[in-house]
Each structure stands twice: as C-alpha cells, then as structure tokens.
Amino acid sequence: MTSFTLNCWISQSSKSGSFKTKNNRTPEENELIALRKELKQLRMENDILKRAALIMAQKTKS
C-alpha cells in the first residue's frame, strides 16, 4: 500500500465518513453518471421506436 492510497482513504473518510466510491463522488460526477444513464435509456427507446415505425411501414405496404 502506498502513502497516496492511505491519504486518499483518510481524506474520503474525513469528508463523508465512508470509504465507498459512490459516497465520495462530487455533484458533477453524480450528474454525469445520471446523464449517461439517461442517454443510454433514450437511445434504447429511440431504437425501439425506429423498429416499430419500420414494422408499421411494412404493414401498410402489404
């Protein structure tokens, strides 16, 4: 274990009382994680809508 690691743990513990990464994130890091999650969800929904539109277009041609 390096002194850098130990200093990080001490710093995390004194700030939040926790050694867990999720408890020691900045508000900006939390926002970025939330935005990435939302982007992933929206892309998935967009793909579903594209497929549904394609199916509907094929049905109207028949």
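Look up a bit, the structure's there.
The rules we used
Residues numbered from 1 in each chain as written. Predicted model: local features only at pLDDT ≥ 70, side-chain atom pairs only at ≥ 80, totals over all residues. Heavy atoms only, no water. Helix = DSSP H or I, 4+ residues; strand = E, 2+ residues; numbered from the N terminus. Rg over C-alpha atoms; globule rule 2.2 N^0.38 Å. Buried < 20%, exposed > 50% of the residue type's maximum accessible area, 1.4 Å probe, protein only. Areas by Shrake-Rupley, 256 points an atom, 1.4 Å probe, with all protein chains shown as cover. Lys, Arg positive; Asp, Glu negative; His and termini not counted. Charge placed at Lys NZ, Arg CZ, Asp CG, Glu CD. Expected span 1.5 Å × (residues − 1). Contact = heavy atoms within 4.5 Å.

Caption draft 1: Molecular detail of the overall build of the protein. Along the backbone of the protein there are two helices and zero strands. Over its C-alpha atoms the protein spans a radius of gyration of 22 Å, topping by over 25% the 11 Å that the globule rule assigns to 62 residues. Buried positions account for 2% of the 62 residues belonging to the protein. Just so you have it, the protein exposes about 5900 Å², and 60% of that area is on carbon and sulfur atoms. On the protein, the mean spot of the 12 positive side-chain charges and the mean spot of the 6 negative ones are 8 Å from each other.

Caption draft 2: Seen up close, helix 1 (residues 3-16). Its 14 residues give helix 1 an end-to-end C-alpha distance of 20 Å, which sits within 8% of 20 Å, the value for a rise of 1.5 Å per residue. Directly after helix 1, the chain includes Gly 17, whose backbone phi takes a positive value near 80 degrees.

Caption draft 3: Just the environment of Ser 13, in detail. Along the chain, Ser 13 falls in helix 1. Spatially, the C-alpha atom of Ser 13 lies 9.8 Å from that of Asn 23, the residues being ten residues apart in sequence. Filtering out sequence-adjacent residues up to four positions away, Ser 13 remains in contact with Ser 18 and Phe 19.

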